[in-house]
Each structure stands twice: as C-alpha cells, then as structure tokens.
Amino acid sequence: MENAYGFLGQYQLAIDCLQQCLAITKEINDRAVEGKALGSLGNAYCSLKQYQLAIDYYQQWLAITKEIGDRAGEGMALVSLGNTYGSLGQFRQAIDYLQQSLEIAREIGDRAGEGMALGFLKIAYGCLGQYSQAMDCHRQHLEIAREIGDRSGTR
C-alpha cells in the first residue's frame, strides 16, 4: 500500500493519511490491509530516518503477516526490518532478518523476493568485511536477476 504523498516526499502527510487508514482497518477488522498500512508507515518513518519508529511498525506488520499466514508479506516485513537494522549499522541483526526472508522466498518460490534478500545480504556481509559471503550472495543475486529479467537487479 503506497501513498501518493510518500511518492512526493511529503512523508508527514503520508503518515497522517496512513494513520487514518490504520484506524479504519482496525475498526472494520481487516487484518491484511492493517498489516500493509503498518508496513507503509514503517516505510515513511524509515524515509524520515526515524528508524526506531519504523522498526516498531515493521514488527507489528510482521506479527500480522504471521497471524494471517501471509508468507510473502512476512518475507517483505523481514526484508524491511533487515534493511532498517542495516541503516542503523546493526549488520548482524540485519543479516538475521534477511536470512529469514531468504528462507521464506525460497520456500514459496518467490524468485524476485529471493533476489532482493540476496542483494541486501550482499551489502550487509560486505559491511562486516565478510567478503566471501558477500560475493556468494552477489553471484546468486545476479543469477536470479538474469533469470527473471530484472535488469536493475533490485527486485
């Protein structure tokens, strides 16, 4: 769930809209959309470099995805957590979340999600100076990007 204000860089307006959406989803008990709103709130706070708030929203999103059995959403929440911990320089924590995401992507056959997790793992391992693991992730990421036609290598 993306918000036009977020695309325009107006994150506070995006947050206001997403908070309204979140209230409505709770009122009507739509857990799937509630989870997506929480994830989008996490993205907005991450864009504002308010990483602890982002982590809080991503954790809530993760809990909902597990509750409703949304494995793809769970994988995305884990990637978001991994990237946020990476932004904080907590690369071991980032790797833990990214590895979990990678396992889910492989389990559900999500090649794009697998490539995304590998791409971010490559960065985290590199930041820790674990270059052989980084190169292995890079090789696998490149292979998947070629397979699925992702010329940007970011999906």
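As the structure is a prediction and not an experimental result, all values here were calculated from the model.

Novice: What exactly am I supposed to notice about the overall build of the chain here?
Specialist: Along its length, the chain carries 8 helices and 0 strands. Counting from the amino terminus, helix and strand elements in the chain follow one another as α-α-α-α-α-α-α-α. Taken over the C-alpha trace, the chain has a radius of gyration of 16 Å; the compact-globule value for 155 residues is 15 Å, and the two agree within 12%. With the principal axes as the frame, the chain shows a C-alpha extent of 50 × 30 × 25 Å. Of all 155 residues assigned to the chain, the portion counted as buried reaches 41%. Looking at the chain as shown, the accessible area adds up to about 8,300 Å², and 52% of this sits on carbon and sulfur atoms. The averaged location of the 18 negative side-chain charges in the chain is 7 Å from the averaged location of its 14 positive side-chain charges.

Novice: How do you make sense of the side chain of Glu114 when you look at a structure like this?
Specialist: Within the fold, Glu114 resides in helix α7 (residues 111-127). Its relative accessible area of 7% is what places Glu114 among the buried residues. One polar contact links Glu114 to Arg106, side chain to side chain, over a distance of 2.9 Å. A distance of 3.0 Å separates the side chain of Glu114 from the side chain of Arg111, its partner in a polar contact. Residue contacts for Glu114: discarding those within four places in its chain leaves Leu102, Ala105, Arg106 and Ile144.

Novice: Would you mind showing me how to read the packing of α7 against helix α8 (residues 131-148) here?
Specialist: When two helices pack together, their arrangement is given by the angle between the helix axes and the distance between those axes. In the contact formed by α7 and α8, the axes pass within 8 Å of each other and the chain directions differ by 155°. Judged on the interaxial angle alone, α8 and α7 are roughly antiparallel. The way α7 lies across α8 gives a crossing that is left-handed. In this structure, α7 uses Arg111, Ala112, Glu114, Gly115, Leu118, Gly119, Leu121, Lys122, Tyr125 and Gly126 to contact α8, whose residues at the interface are Tyr131, Gln133, Ala134, Cys137, His138, Gln140, His141, Ile144, Glu147 and Ile148. Across the contact of α7 with α8, the residue classes tally to 9 nonpolar, 7 polar and 4 charged.

Novice: Please explain the environment of Met135 as it appears in this structure.
Specialist: Following the sequence through the fold, Met135 ends up in helix α8. With relative accessibility at 54%, the residue Met135 sits in the exposed group. Spatially, the C-alpha atoms of Met135 and Lys122 are 6.9 Å apart, while their sequence positions differ by 13 residues.

Novice: Help me understand the nonpolar core, please; the structure alone is not making it clear to me.
Specialist: The tendency in soluble globular proteins is for nonpolar side chains to be buried side by side. The biggest cluster of nonpolar side chains holds 22 residues, and the ones touching the most others in it are Leu38, Leu41, Tyr45, Leu81 and Tyr85. At the level of secondary structure, the elements contributing two or more residues to this core comprise α2 (11-28), α3 (31-47), α4 (51-68), α5 (71-87) and α6 (91-108). Considering each element in turn, this core owes the most residues, 7 residues, to α4. Ignoring anything within four residues of it in the chain, the contact list for Tyr85 reads Ile55, Gln90, Gln93, Ala94 and Tyr97. The next biggest cluster of nonpolar side chains, apart from the first, holds 14 residues, and it includes Leu98, Met116, Leu121 and Cys137.

Rules used throughout
Residues numbered from 1 in each chain as written. Predicted model: local features only at pLDDT ≥ 70, side-chain atom pairs only at ≥ 80, totals over all residues. Heavy atoms only, no water. Helix = DSSP H or I, 4+ residues; strand = E, 2+ residues; numbered from the N terminus. Rg over C-alpha atoms; globule rule 2.2 N^0.38 Å. Buried < 20%, exposed > 50% of the residue type's maximum accessible area, 1.4 Å probe, protein only. Areas by Shrake-Rupley, 256 points an atom, 1.4 Å probe, with all protein chains shown as cover. Lys, Arg positive; Asp, Glu negative; His and termini not counted. Charge placed at Lys NZ, Arg CZ, Asp CG, Glu CD. Polar contact = N/O pair within 3.5 Å; in protein donor to acceptor, adjacent residues only side chain to side chain. Contact = heavy atoms within 4.5 Å. Axes fitted to C-alpha atoms, helices over the stretch in contact; angles between N-to-C directions. Parallel < 35°, antiparallel > 145°, perpendicular 65-115°, else oblique. Left-handed = near helix turned anticlockwise from the far one by under 90°. Nonpolar A, V, L, I, M, F, W, Y, C, P; charged D, E, K, R; others polar. Core = buried A, V, L, I, M, F, W, Y, C linked by side-chain atoms within 4.5 Å.

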